[in-house]
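Residue strings, one per chain:
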Amino acid sequence: MPDGVPTPAIGARVVVPLGSRLVTGIVVEAECPSASRVGLRPIRRVLDDRSFVPPEVVALARWTAEYYAAGVGDAIPLLLPPMARGDRADAHKTTRVASITAAGVSALEGSVPASRPLTPKQREALELLAAAPTGIVTPDLAARGIAADAISRLDRHGYISLRHARVERDPWSMFGAGSEPVRNSFGARSELVRNPFGARSEHAPNAFGARSERVQSGVRAGSDPEAAGRQLTGEQETALGRLRRLAGSGGFRVALLHGVTGSGKTEVYIRLSAAVRDAGRRVLMLVPEIALTPATATLFRAAFGERVAIQHSGLGDGERHDQWQRIRSGDIDVVVGTRSAVFAPLEQVGLIVVDEEHDTSYKQEEIPRYNARDVAIVRGQRAGALVVLGSATPSMESYSNAAAGKYDRVVLERRVFDRPLAAVTVVDMREEYAAQGPDVILSGPLRAAIDDRLARGEQALVLLNRRGFATSIFCRQCAGTIDCPNCSVSLVVHGEGNSRRARCHYCDYTQRVAPACPHCGGEYLEQAGFGTERVEADVRAAWPHARVARLDRDAIRRRGALPALLARFRDGEIDVLVGTQMIAKGHDFPRVTLVGVVSADVGLGIADFRAAERTFQLLTQVAGRAGRGDQPGEAIVQTIHPHHYSVELACRQDYAAFFERELRFRRAMRYPPVVSLVNAVVHARTFAAAMNDAAAIVQRVRDGAQAARGDVHVLGPAPPPLGRLRGEYRAQLLIKGTSRRRIREALQAAIAAGRADLQRRVVVDVDPLNVL
Ligand code: ADP
Ligand code: ZN
């Protein structure tokens with residue numbers, strides 16, 4: 001370290017040489033005993049004299065990296081605010097980027113000719129540039145009051161270099177640490193493209209693009225203004241009392257708040273948060289979806305005023321940066337946010353709430369593949385805080401921890417005002433097909449129920465968890481299908497008539513629907529299967545005067561479309577809302593009295609051991625959207641598996657029975673939560689290469705496990721259901737065992753023993769939620 005450079009604090013930003021560049025990093029460890037051996041180079045500058053990121057959050061990131069088998073450099077970007085980009089109108093224009101040179105760093109360190117000392121403005125510019133590994137575009141410097149002539153003078157002295165660059169739309173992180181700042185940037189767009197599962201799952205918190213707070217606050221909150229002063233129900237009172245005592249004990253505890261849909265969990269969170277705040281500690285409130293943050297934040301603002309901040313990836317960079325700084329400065333008591341908010345720079349955390357803890361959106365499907373619920377528990381443990389996991393349909397993992405006594409279980413068994421849960425009717429679609437032919441989409445009972453709601457001026461939700469118009473196209477002559485050229489799936493038809501397109505839900509490849517079969521030239525191409533677009537069209541055709549809208553990822557691609565749609569529905573401007581599981585999540589729409597499930601079977605067809613759990617959760621949650629106001633609710637569930645236990649027990653809303661039944665299956669098959677699971681997928685250019693590499697890893701893990709007599713069992717290698725993705729072949733292996741650490745170490749050793757490029761081609765997922 002150069003003379004005069006102080007020992008930096010954990011979490012401080014430092015400028016370090018990396019190759020021929022200077023980059024900004026975050027200090028994760030104060031000393032490095034092996035420094036001389038690995039040839040570390042000295043820090044050039046320390047930018048902060050105290051921690052920029054709280055040390056406990058740095059430690060949390062290190063835990064996350066290790067547990068999820070990622071690099072520390074992959075986890076650090078989770079901790080940092082994005083840098084405001086300045087004028088977005090500059091996107092795509094050619095502009096100049098300024099970067100600091102080595103001479104510039106020396107100048108900052110004081111080695112300047114006495115005749116030419118740095119002016120305060122020049123110093124300021126150099127400080128800014130020293131903290132920006134990828135440089136700063138000149139308009140952004142101008143926005144910070146650095147005039148053009150100051151920039152050209154620095155350039156003439158050789159303190160900075162200027163290059164022309166095309167500015168991409170992705171925001172660049174000023175603090176992008178590590179060697180690949182671009183890969184780790186917060187760019188919502190690039191995250192989405194990189195996420196190999198983004199196209200499949202409907203949970204894409206980043207798909208909405210950034211939205212301004214102004215639009216968001218246009219969505220009204222779920223409660224009336226008098227909410228703050230209202231009387232708790234007896235059950236809420238009891239639950240709050242228990243949770244307050246747990247929070248007051250001052251130590252780490254986890255409580256599972258198991259409350260049926262509409263039981264008033266949010267009210268309990270708010271009162272508990274107030275108690276924690278009054279005791280001088282702070283609150284982290286996690287929700288699964290960006291769409292749920294505005295309503296939740298509004299409720300918290302009613303109780304906490306301006307000391308509430310929001311953190312999620314849908315905020316614009318500038319907004320996100322400001323919120324981050326407010327949290328860091330200590331002016332905030334409550335942070336409301338999605339999974340990334342678990343790394344918020346909040347200190348003195350006394351309570352972490354994970355609402356809808358079972359939701360798969362808490363899992364990040366890209367490196368580091370963390371589950372924010374589990375990171376929240378670790379954060380709570382380190383902070384000596386109470387962690388509350390809330391759900392009407394707890395995950396198998398959380399419920400079994402509660403059953404084992406590891407978590408305190410707190411229940412809300414009734415809805416507020418003793419409102420009844422929705423009455424559920426199951427429609428056996430095999431009978432409908434027999435009576436009306438194979439093309440029925442809306443059954444007789446569902447049609448009658450929608451008729452009824454329209455006549456009474458009430459609202460209906462219609463769920464089908466599959467996007468598009470038709471799910472495949474096939475040739476009547478050769479039976480061939482039109483498949484994605486890059487992935488092993490068939491293309492999905494979107495749109496009708498002239499706007500008809502066939503699209504891959506994994507890689508977004510799109511083509512016009514050809515008039516003839518690409519395999520045999522046959523002229524009779526048929527569409528099969530149906531998705532939300534088709535349901536929407538059928539509903540419009542059946543009730544031409546009804547106001548119908550659709551809510552799925554395709555419908556809300558445009559920025560601001562989602563809050564606008566939710567606001568219209570809440571304000572009664574939509575009668576029937578058709579959508580994917582996005583309509584099932586957490587929303588509180590008091591005028592919905594009917595929920596129709598077009599096909600409860602969509603999830604059951606997926607080759608995933610969690611299929612039954614997902615189906616049970618989705619059906620219970622969507623039925624829970626009905627009857628939350630004064631009028632009782634009804635749910636109609638169409639299925640060809642009326643006797644599958646996930647369907648039957650969801651219709652009876654019997655969580656306990658489902659848990660017991662599902663646990664038997666998990667025990668028999670040795671799946672989580674009975675054992676731990678790690679998924680590894682090998683990517684390669686050919687199928688044979690993927691399988692060979694995977695087989696070699698399997699062998700090495702087996703040999704290692706045998707030597708260590710460890711409880712590590714490998715399954716595979718096998719081509720996963722998605723054998724080909726984005727032009728690459730994939731081979732999968734699953735490892736089960738009782739010790740996650742042992743599994744991880746065995747796998748990492750097996751990968752490290754392979755060729756150098758293997759590391760890059762294997763994606764390791766610890767506690768995977770998706771094994772496709
Ligand atoms: P959950 O999250 O458990 O499904 P919510 O927290 O959304 O349920 O509450 C359901 C509805 O009941 C909301 O409209 C909420 O404002 C209302 N509510 C909650 N608690 C009370 C109460 N004590 N008195 C009256 N209404 C309540
Ligand atoms: Zn594809």
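Residues numbered from 1 in each chain as written. Chains lettered and ligands numbered in written order. Predicted model: local features only at pLDDT ≥ 70, side-chain atom pairs only at ≥ 80, totals over all residues. Heavy atoms only, no water.

Draft legend 1. Here's a closer look at the overall build of the chain. For the chain, the helix and strand inventory stands at 25 helices and 29 strands. A total of 772 residues make up the chain; the buried ones form 57% of that total. Here the contacts in the chain between residues at least 6 apart in sequence split such that 77% fall between residues at least 24 apart. Surface summary for the chain: the accessible area is close to 32,100 Å², and the carbon and sulfur share equals 50%. (Helix = DSSP H or I, 4+ residues; strand = E, 2+ residues; numbered from the N terminus. Buried < 20%, exposed > 50% of the residue type's maximum accessible area, 1.4 Å probe, protein only. Contact = heavy atoms within 4.5 Å. Areas by Shrake-Rupley, 256 points an atom, 1.4 Å probe, with all protein chains shown as cover.)

Draft legend 2. Examining the coordination of the zinc ion (ligand 2) more closely. The zinc ion (ligand 2) binds to the protein through Cys 484 (SG), Cys 487 (SG), Cys 504 (SG) and Cys 507 (SG); the donor distances cover 2.3 to 2.4 Å. In this structure, the zinc ion (ligand 2) is surrounded by four donor atoms whose angles at the metal cover 104 to 114°, and the resulting shape is tetrahedral. For the zinc ion (ligand 2), the single-chain donor residues occur in sequence as C-x2-C-x16-C-x2-C. (Donors = N, O, S within 2.8 Å, 3.2 Å for Na, K, Ca; no water. Tetrahedral: all angles 85-135°; square planar, octahedral: opposite > 155°, others 65-115°.)

Draft legend 3. Examining the site of ligand 1 more closely. Taken together, the neighbourhood of ligand 1 is formed by 19 residues, with Gln 231, Gln 236, Gly 262, Thr 266 and Asp 588 sitting nearest. Contact between ligand 1 and Arg 230: an oxygen atom at 2.9 Å from a side-chain N or O atom of the residue. Take Asp 588: an N or O atom from its side chain is 2.4 Å from an oxygen atom of ligand 1. Starting from 570 Å² of accessible surface for ligand 1 in isolation, the protein chains cover 89%. Broken down by element, the shell around ligand 1 gets its largest block of residues, three residues, from helix 11 (residues 265-278). Tallied by class, residues from the shell around ligand 1 come to four nonpolar, ten polar and five charged. (Near = heavy atom within 4 Å. Polar contact = N/O pair within 3.5 Å; in protein donor to acceptor, adjacent residues only side chain to side chain. Nonpolar A, V, L, I, M, F, W, Y, C, P; charged D, E, K, R; others polar.)

Draft legend 4. Inspection of the confidence of the model for the chain at higher detail. Confidence along the chain averages 84 in pLDDT terms, with 87% of residues attaining 70 or more. In this model residues 84-94 is a low-confidence stretch, pLDDT under 50, and it forms 26 contacts with partners more than four residues away in sequence or in other chains. Predicted confidence is poor over residues 166-227, with pLDDT under 50, and the contacts of this stretch with residues over four places away or in other chains come to 162 contacts. (pLDDT = per-residue confidence, 0-100.)

Draft legend 5. Main features of the pairing of strand 9 (residues 308-311). A two-sided burial pattern is seen for strand 9, the buried positions comprising Val 308 and Ile 310 on one face and Ala 309 and Gln 311 on the other. The handedness of the strand 9 to strand 10 (residues 334-337) crossover, carried by helix 13 (residues 317-328), is right-handed. (Right-handed = clockwise from strand over helix to strand, strands pointing away.)

Draft legend 6. A look at the sheet that holds strand 13 (residues 408-412). Taken in spatial order, the seven strands line up as 9-10-8-11-12-7-13 in an open sheet, and their pairing is parallel. Looking at the sheet topology across the chains shown, the edges are occupied by strand 9 and strand 13. Each strand of the sheet is rotated relative to its neighbour by a mean of 20°, with strand direction disregarded. Pairing geometry for strand 8 (residues 282-286) and strand 11 (residues 349-355), over five bridges, is parallel. Of the residues in strand 11, the one forming a bridge with Met 285 is Val 353. (Pairing = 2+ DSSP bridges. Axes fitted to C-alpha atoms, helices over the stretch in contact; angles between N-to-C directions.)

Draft legend 7. Inspection of the sheet that holds strand 3 (residues 45-46) at higher detail. Read across the sheet, three strands follow the order 2-1-3 without closing on themselves; strand pairing throughout is antiparallel. What marks the edges here is a single partner per strand, and that holds for strand 2 (21-26) and strand 3. As defined by bridge partners, strand 1 (residues 13-18) adjoins strand 3 across two bridges and the pair is classed as antiparallel. Following the sheet pairing, Val 14 is matched in strand 3 by Val 46.

Draft legend 8. Seen up close, the pairing of strand 22 (residues 576-579). On strand 22, burial covers both faces: Val 576 and Val 578 on one face and Leu 577 and Gly 579 on the other are all buried. With four bridges connecting them, strand 15 (residues 459-463) and strand 22 associate as parallel partners. Among the inter-strand pairings, Leu 461 is bridged to a residue of strand 22, identified as Leu 577. One ladder, built from four bridges, connects strand 21 (residues 548-551) with strand 22; its direction is parallel. The residue bridging Ala 549 from the neighbouring strand is Leu 577, located in strand 22. Taken together, strand 21, helix 19 (residues 561-570) and strand 22 form a β-α-β motif whose crossover is right-handed.

Draft legend 9. Summary view of the pattern of salt bridges. Counting across every chain of the model gives 51 salt bridges. Ionic pairing is found between Glu 66 and Arg 744, a salt bridge with its closest N-O pair at 3.8 Å. One end of the pair, Glu 66, is in helix 2 (residues 55-67); the other, Arg 744, is in helix 24 (residues 740-752), with 678 residues separating them in the sequence. The class of Glu 66 is partly exposed, set by a relative accessible area of 46%. Salt bridges sharing partners connect three or more residues here, namely Asp 452, Arg 453, Arg 456, Glu 458 and Glu 634. (Salt bridge = Lys/Arg side-chain N within 4 Å of Asp/Glu carboxyl O.)

Draft legend 10. Fine view of the packing of helix 11 against helix 12 (residues 293-304). Contact geometry of helix 11 with helix 12 gives a least axis separation of 11 Å together with a crossing angle of 40°. If you check the angle between helix 11 and helix 12, you find them oblique. Considering the relative orientation of helix 11 and helix 12, their crossing is right-handed. Between helix 11, through Thr 266, Tyr 269, Ile 270, Ser 273, Ala 274 and Arg 277, and helix 12, the contact on the second element is made entirely by Leu 299, Phe 300, Ala 303 and Phe 304. (Parallel < 35°, antiparallel > 145°, perpendicular 65-115°, else oblique. Left-handed = near helix turned anticlockwise from the far one by under 90°.)

Draft legend 11. Just the nonpolar core, in detail. Ranked by internal contacts, the top residues of the largest apolar core, which has 112 residues, are Ile 697 and Leu 747. When residues no more than four places from it in sequence are discounted, the contact partners of Ile 697 are Val 682, Leu 733, Leu 747, Ala 750, Ile 751, Leu 758 and Val 762. Counting 29 residues, the second largest nonpolar core, distinct from the first, contains Ile 270, Phe 304, Val 410 and Leu 412. (Core = buried A, V, L, I, M, F, W, Y, C linked by side-chain atoms within 4.5 Å.)

Draft legend 12. Geometry of the packing of aromatic side chains. All told, the structure shown has 15 aromatic pairs when counted by the stated rule. On the numbers, 5.3 Å between centres and 80° between planes, the contact of Phe 343 with Tyr 370 is edge-to-face. Taken together, the positions of Phe 343 in the loop between strand 10 and strand 11 and Tyr 370 in the loop between strand 11 and helix 14 (372-383) put the pair 27 residues apart, joining distant regions of the chain. On the basis of relative accessibility, which here comes to 0%, the residue Tyr 370 falls in the buried class. Three or more aromatic residues joined by ring pairs form one cluster here, namely Tyr 399, Phe 616, Tyr 645, Tyr 655, Phe 658 and Phe 659. Lying over the aromatic face of Phe 52, Arg 13 brings its terminal NZ or CZ to 4.0 Å of the ring centre. Here the guanidinium or amino end of Arg 661 rests over the ring plane of Tyr 645, the centre of that ring lying 4.0 Å away. (Phe/Tyr/Trp six-rings, centres within 6.5 Å; stacked < 30°, edge-to-face > 60°. Lys NZ or Arg CZ within 6 Å of the ring centre and 35° of its normal.)

Draft legend 13. Up close: the environment of Leu 351. In this structure, Leu 351 sits in strand 11. On the accessibility criterion, Leu 351 (0% relative accessible area) is buried. Put simply, Leu 351 and Val 254 are 97 residues apart on the chain and 10.0 Å apart in space, counted from C-alpha to C-alpha. The contact partners of Leu 351, leaving out residues within four places of it in the chain, are Leu 272, Ser 273, Val 276, Arg 282, Val 283, Leu 284, Ala 385, Leu 386 and Val 388.

Draft legend 14. A look at unusual backbone geometry. The amide bond that connects Ile 367 to the next residue, Pro 368, takes the cis arrangement and shows omega of -10°. Within the secondary structure, Pro 368 sits in the loop between strand 11 and helix 14. The residue after Gly 716, namely Pro 717, is reached through a cis peptide bond having omega 5°. Residue position: Pro 717 is located in strand 26 (residues 712-718). The phi angle at Ala 69 is positive, at roughly 55°, despite the residue not being glycine. On the secondary structure map, Ala 69 appears in the loop between helix 2 and helix 3 (72-75).

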